[in-house]
Amino acid sequence: MKSAVETLNPTRVRLTVEVPFEELKDSLDAAYKKINQQVTVKGFRKGKIPARVIDQRFGRGAVLEEAVNDALPKFYTEAVNEAELNVLGQPEVDITELKDGETLNFTAEVDVRPALEIPDYSGIEVEVDAVEVTDEDVDKSVEQLRERFASTSPVERAAEDGDVVTIDLEAKVEGEVLEDGVANGVSYTIGSGELLDGIDDAVKGLQAGGEATFTSELKGGSAAGKEAEVTVKVTQVAARELPELDDEFAQLASEFDTLEELKADSRKRLENMKQYDQATQAQERVLEKLLELVEVPVPEKLLEDEINTRKHNLEHHQLGQMGLDLEKYLEIQGKTVEEFEAETKEAAVKGIKTQFVLDELVKQEKLNVNQEELTEHLMRRAASSGMSPDQFAQAVVEGGQVPLLVGEVARGKALAVVVEAATVKDTNGEVIDLDDEDEVETAAEVAAEATEADATEADEEKTEG
């Protein structure tokens, strides 16, 4: 076999392959054997029909077609490996010449990863938010904890803001009660905004046994997005009572003996959260700067596939779980179809560029992923997917997704290398030294989010598997 490569553009090549006919022998033998098992000829046992009889009865052309279909993938793969191409997607194959007993010639056009030159990235500078935790932040955190330990007691008066009411609901659309539009014994805190628009005004002022009707747009269920006439009946009104903010509360709500110790712990936790957010922000902004430095041609077919994958994941999975269609989603977001298309394309381009650039850095920096790093990443992905580590690991292995997770960690390590070389300052002008311990993992998450379509698709395959 002889092969040659012609570069059509930075992301596409044409392979020209010439195969001497003798190299088709194994595929021809396999073709005769396959046809032998599929046909019956009087006077011959099944599977024992001579090749000349098959040629006479069914035509040499049918045999050649079967042999070529069997041989093409093998010769194409050999040509790709010989040329050391990093191909993307499936090739477009064209048989240019097939002479029985002489030769098989074909061409294969296929997208390839572009050759990238990563420039010096040590001069990258980014600014991030300073880590500042105010007394108000701490008070708000403690107040949220206090809310969780609130108690309720029934009262014989009209419902007010902050009360917890027990209600029965019935929703009608065009005068018909919906099958999934009836709910009894629902507990609702007035002012929380956790139910339907308009319900707060409807129940305020009602005592137990009181009833009101209001109109609201349904957020989910069989009639999501439609206007409904909702009847609400209050069966109980209960006042919420918050515990006193003192040492006794600290002992009730935490492992601390005093309120001051509880507040100090809240401040520390808020600082840790803001430091994590700061690290993520730094990595996102460094990645943006890195992508600006590198010229990355994007294969058209790959971009088209990426856009379609992102749309599919949004429409058939994310929105489906919320009971929304694309039209309703765009209405809620206040976006036109054109704006949505443009944003999806922009995100897809960024995802492809991110993967190409970070993969090139992995190769350039000779980065490897060890078992400990892979396990830690798997644990985090399991936690975010709502699966146990064992379930997630089994789904990853069965779905053949281990290389995808290895790639995510490797890209995270590549991004961490760039972040380490960059200058990161906060809004106060202070140089930030990011914590090495979690840097690779947060960088892996940032890189995975940028290449979101691949990650989402893999998660779905794991879940469905």
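Quick notes on the rules
Residues numbered from 1 in each chain as written. Predicted model: local features only at pLDDT ≥ 70, side-chain atom pairs only at ≥ 80, totals over all residues. Heavy atoms only, no water. Helix = DSSP H or I, 4+ residues; strand = E, 2+ residues; numbered from the N terminus. Rg over C-alpha atoms; globule rule 2.2 N^0.38 Å. Buried < 20%, exposed > 50% of the residue type's maximum accessible area, 1.4 Å probe, protein only. Lys, Arg positive; Asp, Glu negative; His and termini not counted. Charge placed at Lys NZ, Arg CZ, Asp CG, Glu CD. Arc of directions from axis to C-beta. UniProt positions renumbered as here; feature names shortened; annotations may be inferred. Pairing = 2+ DSSP bridges. Axes fitted to C-alpha atoms, helices over the stretch in contact; angles between N-to-C directions. Contact = heavy atoms within 4.5 Å. Phe/Tyr/Trp six-rings, centres within 6.5 Å; stacked < 30°, edge-to-face > 60°. Lys NZ or Arg CZ within 6 Å of the ring centre and 35° of its normal. Polar contact = N/O pair within 3.5 Å; in protein donor to acceptor, adjacent residues only side chain to side chain. pLDDT = per-residue confidence, 0-100. Patch = residues over 30% accessible without salt bridge, like charges linked within 9 Å, V, L, I, M, F, W, Y side chains within 5 Å. Areas by Shrake-Rupley, 256 points an atom, 1.4 Å probe, with all protein chains shown as cover. Salt bridge = Lys/Arg side-chain N within 4 Å of Asp/Glu carboxyl O. Core = buried A, V, L, I, M, F, W, Y, C linked by side-chain atoms within 4.5 Å.

Chemist: How should I be thinking about the overall build of the protein in this particular structure?
Modeler: Scanning the protein for helices and strands turns up 15 helices and 11 strands. The globule rule puts the C-alpha radius of gyration for 465 residues at 23 Å, and the 32 Å found for the protein is more than 25% above it. Principal-axis analysis of the C-alpha atoms places the extent of the protein at approximately 100 × 65 × 45 Å. Across the 465 residues in the protein, those meeting the buried criterion constitute 39%. Separation of charge centres in the protein, based on 49 positive and 107 negative side chains, amounts to 10 Å.

Chemist: Explain helix α12 (residues 389–398) here, please?
Modeler: Since the α-helix turns once every 3.6 residues, residues separated by three or four places project in the same direction. Where α12 is concerned, the buried positions are F392, A395 and V396. One side of α12 holds all its buried residues, which, seen down the axis, span an arc of 100°. Across α12 from its buried face, at more than 90 degrees, point the exposed residues D390, V397 and E398. Following α12 by one or two positions, G400 has its phi on the positive side, about 65°.

Chemist: What is the right way to look at the UniProt feature "domain: PPIase FKBP-type" (unreviewed entry) in the protein in this model?
Modeler: As annotated in UniProt, the feature "domain: PPIase FKBP-type" (unreviewed entry) corresponds to residues 162–215 in the numbering used here. Along residues 162–215 the backbone is 9% helical and 54% strand, and the end-to-end C-alpha distance reaches 22 Å.

Chemist: Can you help me understand the sheet that holds strand β4 (residues 103–112) in this one?
Modeler: The strands making up a sheet are joined through hydrogen bonds of the backbone, oriented either antiparallel or parallel. With antiparallel pairing, the 4 strands of this open sheet are ordered in space as β1-β2-β4-β3. Pairing within the sheet leaves two strands with one partner each, and these edge strands are β1 (2–9) and β3 (87–99). Ignoring which end each strand starts from, the neighbouring axes of this sheet average 20° apart.

Chemist: Hey, could you run me through the side chain of N105 in this one?
Modeler: With respect to the helices and strands, N105 occurs in strand β4. Taking the relative accessible area as the measure of exposure, N105 reaches 12% and is therefore buried. Here N105 is in contact with V17, E18, V19, I95, T96 and E97, once residues within four sequence places are set aside.

Chemist: What is the right way to read the pairing of strand β9 (residues 211–217) from this model?
Modeler: Where a strand is regular, its side chains alternate between the two sheet faces. Burial of the side chains of β9 is restricted to one face: A212, F214 and S216 are buried, whereas none of E211, T213, T215 and E217 on the reverse face is. Two strands pair when backbone bridges link them, and β9 and strand β10 (residues 227–241) are joined in this way by 7 bridges, in the antiparallel orientation. Note that in β10 the partner of E217 across the bridge is E227.

Chemist: Got a minute to help me understand the packing of aromatic side chains in this structure?
Modeler: For any two aromatic rings, the description comes down to two numbers: the centre-to-centre distance and the angle of the planes. This structure, assessed with the given rule, holds 1 aromatic pair. For the cation-ring pair, K74 lies above F75, with the distance from its terminal atom to the ring centre recorded as 4.8 Å.

Chemist: What's the story with the environment of Y188 in this structure? I'm lost.
Modeler: Within the secondary structure, Y188 is located in strand β8 (residues 176–189). Sequence spacing of Y188 and T166 is 22 residues, and the spatial spacing of their C-alpha atoms is 6.4 Å. Y188 has contacts with D163, V164, V165, I167, G193, E194, L195, I199 and D200, leaving out every residue within four places of it along the chain. A polar contact of 3.5 Å, which involves the side chain of Y188, links it to the backbone nitrogen of G193. Here the side chain of Y188 touches D200 through a polar contact of 2.6 Å, side chain to side chain.

Chemist: Looking at this structure, how should I read unusual backbone geometry?
Modeler: Negative phi values dominate among residues other than glycine, just as trans dominates among peptide bonds. The phi dihedral of E84 is positive, around 55°, even though this residue is not glycine. Position of E84 among the secondary structure elements: in the loop between α3 (60–83) and β3. Classification of E84 by relative accessible area gives exposed; the value is 72%. Even without being a glycine, E174 presents a positive backbone phi close to 55°. Mapped onto the elements, E174 comes out in the loop between β7 (164–173) and β8.

Chemist: For this particular structure, what's the right way to read the environment of N428?
Modeler: Of note, N428 is situated in the loop between β11 (423–426) and α14 (436–450). For the pair N428 and T309, spaced 119 residues apart in sequence, the C-alpha to C-alpha distance is 41 Å. Each residue touching N428, except ones within four places of it in the same chain, is listed here: A130 and E132.

Chemist: Help me understand the side chain of R381 in this model?
Modeler: As for its position among the elements, R381 is in helix α11 (residues 371–385). A polar atom in the side chain of R381 sits 2.4 Å from the side chain of E408.

Chemist: In this structure, what is going on with the confidence of the model for the protein? I would like to understand it.
Modeler: Close reading of the predicted structure is inappropriate where its pLDDT is low. Here the protein averages 89 in pLDDT, and 95% of its residues register 70 or above. Here helix α15 (residues 452–464) stands out as the least confident element of the protein, with mean pLDDT 42; strand β5 (residues 125–128) is the most confident, with 96. Overall, residues 454–465 carries pLDDT values under 50, and its contacts beyond four positions in sequence, including any with other chains, amount to 25 contacts.

Chemist: Is there a simple way to explain a nonpolar patch on the surface in this structure?
Modeler: Judged by side-chain polarity, V93, I95 and L98 come together as a nonpolar surface patch covering roughly 220 Å² of accessible area. Residue position: L98 is located in strand β3. Residue class for L98 comes out partly exposed when judged on its relative accessible area of 35%.

Chemist: Which parts of the structure should I look at to understand the nonpolar core?
Modeler: Generally speaking, soluble globular proteins have nonpolar side chains that are buried together. In terms of nonpolar packing, the biggest core is built from 39 residues, with I124, V286, L290, V357, L361 and L415 touching the most fellow members. Broken down by secondary-structure element, the contributors of at least two residues to this core are β5, α7 (259–293), α8 (300–321), α10 (337–364), α13 (402–421) and α14. The biggest single contributor to this core is α10, with 7 residues. Setting aside residues no more than four positions away along its own chain, L361 makes contact with I118, Y121, L290, K366, L367, A414 and V418. Of all hydrophobic cores here, the second largest spans 30 residues; its members include V13, V39, V80 and V112.

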